[in-house]
Amino acid sequence: MICEIAGYERKRSVRTKNQEKEAGLRTSASLISLCLDTDGKEGESGKLYHLCDEHPIVFSSLFRAVNQMEELYDACLFPQACAELRSFPGDRRTEKPVSEVSSDESLPESNEVRETGMLRQLLQRRGAKATFWIRIMYCQHASWQGEVTWVEQQKKEYFRSTLELLHLIDSALCAEDTRNVRGKI
């Protein structure tokens, strides 16, 4: 469709098949499987699974999990960081250089089949206590926006900030604890 606006012609954008594949892989690049194994007084512990890393990333608290997710997203360059983290001098997290990945390396067409298989494996991972699939869609105002799916209950919620994401995970864990206590009575 061509329309004229103030003497300019504008064409409706039509996505090609390659653009559709690229968009699909980019959204799957932001998908993380958060598998919680224990929920104790010291905090929640478990593993993170992501397409950028074949091995699980072990965490000992939700705060540490969020930090590790941030490092993964920075390494994959998606979603693009919207702010630079500030810290006290000598903080080990800010001293690490972020590995640069060119756009050709981030979405190789020859690895499309491997990516699909890795995505299937990622979605099959489960935690002993709970599993959450987290898909980051945007990074605005120095916080993530996206969706979280509580796999065991098949519930999906959208979140507007990282704090809201943590609140949703915490409320799911409290609901699971309440359900377990009622089952024992």
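Below is a summary of the structure that appears in this document.

Calculation notes
- Residues numbered from 1 in each chain as written.
- Predicted model: local features only at pLDDT ≥ 70, side-chain atom pairs only at ≥ 80, totals over all residues.
- Heavy atoms only, no water.
- Pairing = 2+ DSSP bridges.
- Helix = DSSP H or I, 4+ residues; strand = E, 2+ residues; numbered from the N terminus.
- Disulfide = S-S within 2.5 Å.
- Buried < 20%, exposed > 50% of the residue type's maximum accessible area, 1.4 Å probe, protein only.
- Contact = heavy atoms within 4.5 Å.
- Core = buried A, V, L, I, M, F, W, Y, C linked by side-chain atoms within 4.5 Å.
- Axes fitted to C-alpha atoms, helices over the stretch in contact; angles between N-to-C directions.
- Phe/Tyr/Trp six-rings, centres within 6.5 Å; stacked < 30°, edge-to-face > 60°.

Sheet topology places strand β3 (residues 31-40) next to strand β6 (residues 130-140); 6 bridges connect them, and they run antiparallel. Residue pairing for β6: L31 is matched across the bridge by R135. Hairpin connection, β3 to strand β4 (residues 43-50): the antiparallel pair is bridged by 2 residues.

Let us look at the state of the cysteines. On inspection of all chains with the given rule, the structure shows 1 disulfide. C52 shares a disulfide with C76; S-S distance 1.8 Å. Residue C52 is found in the loop between β4 and β5 (53-59), and its partner C76 is found in helix α2 (residues 62-76); the two are separated by 24 residues along the sequence.

Before going further, it helps to spend a moment on the side chain of Q145. Take Q145: it is sitting in strand β7 (residues 143-150). Classification of Q145 by relative accessible area gives buried; the value is 13%. For Q145, the residues in contact, after removing those within four places along its chain, are R135, I136, M137, Y138, C139, Q140, F159 and R160.

Counting residues in hydrophobic clusters, the biggest one holds 25 residues, and the most contacted among them are L34, F132, I134, F159 and I169. Those elements that provide at least two residues to this core are β3, β5, α2, β6, β7 and α6 (162-184). Tallying contributions element by element places α2 first for this core, with 6 residues. With near-sequence residues (within four places) excluded, F159 lies in contact with I134, R135, I136, W144, Q145, G146, E147, V148, E164, L165 and L168.

Let us now look at the sheet that holds β7. Sheet architecture is open: 6 strands sit in the order β5-β4-β3-β6-β7-β8, paired in antiparallel fashion. Each of the sheet's edge strands pairs with one partner strand only, and the pair in question is β5 and β8 (155-159). Across this sheet, the average inter-strand angle for adjacent strands is 25 degrees, counted without regard to direction. Bridge count for β6 against β7 is 8 bridges, and the pairing is antiparallel. Paired with Y138 across the two strands is Q145, which belongs to β7.

Applying the stated rule across the entire model yields 2 aromatic pairs. With a centroid separation of 5.4 Å and 90 degrees between ring planes, the pair formed by Y73 and W144 is classed as edge-to-face. Of this pair, Y73 sits in helix α2 while W144 sits in strand β7, placing them 71 residues apart in sequence. According to the relative accessible area criterion, Y73 is buried, its value standing at 2%. Note on F132 and W150: the rings are 6.3 Å apart at their centroids and 25 degrees apart in plane angle, and the pair reads as stacked. Taken together, the residues F132 in strand β6 and W150 in strand β7 connect sequence positions 18 residues apart. For F132, a relative accessible area of 2% translates into the label buried.

Function cannot be read off these values alone, since they describe shape.
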